Amino acid sequence: MAFKKHAIVLPSMTPGSSRTISVLRFGKTGARPKVYMQAAIHANEMPGTMAMHHLMPMLAEADKKGLIQGEIILVPTVNPIGQSQLIGNSHAGRYNMLSYENFNRNWIDLTGPVEVAVGKKLGNDAQANVRAIRKAALAALKAMKPLNELQTLRVEIQKLSVDADYVLDLHCDIYAALHLFTAKNDLPQGAIQALAADLGSQATMYNDPYPLASTFSGTNSAMWAKLGEKFPNAKIPQACMSVTVEMRSQHDVSDALGSADAKNLYRWMVRQGVIGGVAAPLQKIKAPASPMSGMDVGYSRGTGFLVYHVKPGDKVKKGQAICDVIDPANPQGPKARTTYKSQTDGVLFSRRFDGYLSWPGQVMYRISGPLPLAHRIGMTGLDD
Ligand SMILES: [Zn+2]
C-alpha cells in the first residue's frame with residue numbers, strides 16, 4: 001500500500017455542522033524514525049499545504065518501492081475550525097472565535113501526567129526512559145475526555161505527534177523569508193541544522209531552554225527538556241526534535257516553491273534515515289542559529305499606516321530605519337512620520353505589507369540577531 005488515509009471526526013458544536021481532519025500515513029506503523037508533519041494550524045497559511053501536495057505523491061511512490069524505513073504522518077490541513085472561518089469575503093483562521101485564543105497556543109503540556117505516571121521509574125537506561133515516557137504521555141492523552149471541538153482537536157493531534165522523533169509544524173507569516181523556530185535542546189542533534197540547510201532557512205531561532213508559550217512545536221519538544229530538569233539524575237535524552245517552519249509569506253504558494261520545498265523535505269528525511277537512499281551533500285547553512293532573546297521585535301507606538309524601507313531577507317544594521325508609521329492627518333510632511341529603527345545587527349525575516357494599518361502594540365517586524373538584547377530577555381518569543 002502506498003499510503004493510508006483516515007479521518008479524525010471532531011464533535012459537532014452547532015446543530016447540523018461537523019468537521020473532520022484528514023490524516024495520511026506512509027511507511028510502517030510503529031517503525032522508527034517517526035516523522036509527524038502538519039500544516040495550516042493557522043488556517044489561512046497554505047505554503048506548507050502546497051509543499052505537502054507535492055510531497056505526498058513522492059512519499060507514495062517511495063512507499064510502493066519499500067523505501068520508507070520509518071513512519072511518516074502528514075496532516076495537510078490540521079485545523080478545519082479555522083478553515084471554516086469565512087467572514088465578509090475574507091478567510092480568518094488564526095484565532096478560535098469561541099475563546100479568542102490563538103490556534104497555536106495552549107497545546108497540552110504532558111510533563112505533569114508523565115511525572116506522576118513514571119517519574120519514580122526513570123533511571124540510567126536512556127532508551128527505557130524514552131519508551132516509558134512516550135507510553136505514559138500517550139496514555140495520558142487517551143485518558144482525557146475533551147468536551148469541545150478545539151480541545152478534541154488538540155488531544156487527537158497530540159496523540160499523533162507525542163511519540164514522534166521529529167515534529168514539523170508548517171506555518172508562514174504575512175511577508176517573510178523562510179525561517180525556523182526551535183528550542184536549544186533540539187540543536188545539538190544536528191537535525192535542525194540539516195533542516196535549516198536543506199530548506200535554505202534565512203534565520204533559525206532557538207528558545208532557551210524552551211518556549212514560554214505552549215505552541216504546538218514547543219509543547220512537543222519541551223516535555224523532554226522539562227522532564228530532564230525535574231529528574232536531573234535520570235538519563236532523559238531530547239527524544240523529539242520539534243520545529244516551527246515558517247514557509248515565507250502567505251501568498252508564496254506556487255508549484256515552483258511547493259515542488260522545491262517538497263524535494264527539500266524529502267531529502268532531509270533521507271538524511272535522517274526515515275527514507276532509504278543517499279541524500280545529496282548538505283548545502284551551506286545561510287544563517288547560524290541565534291537566540292530568541294536576540295530577536296528584535298518592532299512594536300508600533302501609534303496609529304497610522306505603515307511604509308517599509310527593507311524587505312524580508314535583508315541584512316540590517318543596528319540603528320537602520322526599518323519602517324515609518326505615517327499619521328495621515330498630519331500636514332507637516334516628514335513630521336507626520338515616526339521612524340522605527342533596528343536595535344540589532346541581523347536579518348529582517350518578517351514584516352507586514354506597505355500600507356497596512358498600524359496600531360499601538362502591533363508587531364511591525366522581526367529581526368534575528370546573534371546576541372541577547374536587554375529589552376528582550378525573559379519575553380515570550382511570539383506575542384501575536
Ligand atoms: Zn502560523
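The coordinates are above.
Only a predicted model underlies this, so the values are computations on that prediction, with no experimental measurement involved. (Residues numbered from 1 in each chain as written. Predicted model: local features only at pLDDT ≥ 70, side-chain atom pairs only at ≥ 80, totals over all residues. Heavy atoms only, no water.)

**Q** Hey, could you go over the overall build of the protein for me, with residue numbers and the actual values?
**A** Scanning the protein from N- to C-terminus turns up eight helices and 20 strands. Relative to the globule expectation of 21 Å for 384 residues, the C-alpha radius of gyration of the protein, 21 Å, shows essentially globular dimensions. By principal-axis analysis of the C-alpha atoms, the protein measures approximately 70 × 50 × 45 Å. Sorting the 384 residues of the protein into buried and exposed places 54% on the buried side. Relative to all contacts within the protein whose residues are 6 or more apart in sequence, the contacts with residues 24 or more apart total 74%. Within the protein, one finds 42 positive and 30 negative side-chain charges whose respective centroids are separated by 3 Å. (Helix = DSSP H or I, 4+ residues; strand = E, 2+ residues; numbered from the N terminus. Rg over C-alpha atoms; globule rule 2.2 N^0.38 Å. Buried < 20%, exposed > 50% of the residue type's maximum accessible area, 1.4 Å probe, protein only. Contact = heavy atoms within 4.5 Å. Lys, Arg positive; Asp, Glu negative; His and termini not counted. Charge placed at Lys NZ, Arg CZ, Asp CG, Glu CD.)

**Q** Hey, could you go over the nonpolar core for me, with residue numbers and the actual values?
**A** Counting residues in hydrophobic clusters, the biggest one holds 41 residues, and the most contacted among them are Tyr36, Leu110, Val114, Ile157 and Met223. When residues of this core are traced back to their parent elements, those giving at least two are β2 (20–27), β4 (71–75), α3 (111–118), α4 (126–143), α5 (149–161) and α7 (216–230). Residue contributions to this core peak at seven residues, all from α4. With residues up to four places along the chain from it excluded, the contact list for Val114 reads Gly119, Ile133, Ala136, Ala137, Met223 and Leu227. With 40 residues, the next largest nonpolar core counts Leu55, Leu170, Leu178 and Met269 among its residues. (Core = buried A, V, L, I, M, F, W, Y, C linked by side-chain atoms within 4.5 Å.)

**Q** Which residues make up the pairing of strand β16 (residues 321–326), and what values go with them?
**A** Burial analysis of β16 places five of its six residues in the buried class, which makes it a mostly covered element. Judged from the four bridges that link them, strand β14 (residues 304–308) and β16 form a sheet pairing that is antiparallel. Residue pairing for β16: Tyr308 is matched across the bridge by Cys323. (Pairing = 2+ DSSP bridges.)

**Q** Any chance you could break down the coordination of the zinc ion for me, citing the residues and the numbers?
**A** Within the protein, the atoms that donate to the zinc ion are His42 (ND1), Glu45 (OE), Glu45 (OE) and His171 (ND1), at distances of 2.0 to 2.6 Å. Between the four donor atoms coordinating the zinc ion, the angles at the centre fall across 54 to 150 degrees, so the site counts as irregular. (Donors = N, O, S within 2.8 Å, 3.2 Å for Na, K, Ca; no water. Tetrahedral: all angles 85-135°; square planar, octahedral: opposite > 155°, others 65-115°.)

**Q** Help me get a handle on the packing of helix α6 (residues 191–199) against helix α8 (residues 255–271), residues and values and all.
**A** Packing of α6 against α8 brings their axes to within 9 Å, and their N-to-C directions diverge by 150 degrees. When the axis of α6 is compared with that of α8, the two are roughly antiparallel. As for how α6 packs across α8, the hand of that crossing is right-handed. Two secondary-structure elements touch here, α6 through Ala191, Ala194, Leu195, Asp198 and Leu199 and α8 through Asp261, Asn264, Leu265, Arg267, Trp268 and Arg271. Counted by class, the contact of α6 with α8 contains six nonpolar, one polar and four charged residues. (Axes fitted to C-alpha atoms, helices over the stretch in contact; angles between N-to-C directions. Parallel < 35°, antiparallel > 145°, perpendicular 65-115°, else oblique. Left-handed = near helix turned anticlockwise from the far one by under 90°. Nonpolar A, V, L, I, M, F, W, Y, C, P; charged D, E, K, R; others polar.)

**Q** Residues and numbers for the environment of Leu74, please.
**A** Note on placement: Leu74 falls in strand β4. What makes Leu74 buried here is its relative accessible area of 0%. Remark: the alpha-carbon pair of Leu74 and Ala117, spanning 43 residues in sequence, is separated by 29 Å. Sequence-distant contacts of Leu74, that is, excluding residues within four places in its chain, are made with Ser22, Val23, Leu24, Phe26, Met37, Met52, Leu55, Met56 and Leu59.

**Q** Break down the sheet that holds strand β7 (residues 166–173) for me, with residues and values.
**A** Within a sheet, each strand pairs with its neighbour through backbone hydrogen bonds, oriented either parallel or antiparallel. The sheet built from nine strands is open, its strands ordered β1-β2-β4-β3-β7-β11-β9-β10-β12 with mixed pairing. Each edge of the open sheet carries a strand with a single partner, namely β1 (4–9) and β12 (289–291). Averaged over all neighbouring strand pairs, the angle between strand axes comes to 25 degrees, with direction disregarded. Taken together, the five bridges between strand β3 (residues 34–39) and β7 define a ladder with parallel strand orientation. By the bridge assignment, Val35 is partnered in β7 with Tyr166. Packing of α6 onto the sheet brings it into contact with β7, β9 (179–183), β10 (203–207) and β11 (241–249), and relative to β11 it is tilted by some 20 degrees. On top of the sheet, α8 reaches β3, β4, β7 and β11; it is set at about 160 degrees to β11, its chief contact.

**Q** Break down the pattern of salt bridges for me, with residues and values.
**A** Inspection of every chain in the model, using the stated rule, returns 18 salt bridges. When the shortest N-O distance is used, the salt bridge between Arg94 and Glu45 registers 3.6 Å. Of the two residues, Arg94 sits in the loop between β6 (90–91) and α3 while Glu45 sits in the loop between β3 and α1 (47–64), which places them 49 residues apart along the sequence. Since its relative accessible area comes to 24%, Arg94 is described here as partly exposed. Looking at Glu45, the relative accessible area reads 5%, which means it is buried. Glu101 serves as the salt-bridge partner of Arg154, at 3.0 Å between the closest nitrogen and oxygen. One end of the pair, Arg154, is in helix α5; the other, Glu101, is in the loop between β6 and α3, and 53 residues separate them in sequence. Looking at Arg154, the relative accessible area reads 2%, which means it is buried. For Glu101, a relative accessible area of 19% puts it in the buried group. (Salt bridge = Lys/Arg side-chain N within 4 Å of Asp/Glu carboxyl O.)

**Q** So, α3: which residues are in play, and what are the values?
**A** Looking at α3, one finds that the buried residues are Thr111, Val114 and Val118. Each buried residue of α3 lies within a common arc of 70 degrees when the element is viewed along its axis, so the set occupies one face. Looking at the buried side of α3, the elements it contacts are α4 and α7. (Arc of directions from axis to C-beta.)

Any functional reading would require information beyond the geometric quantities listed.
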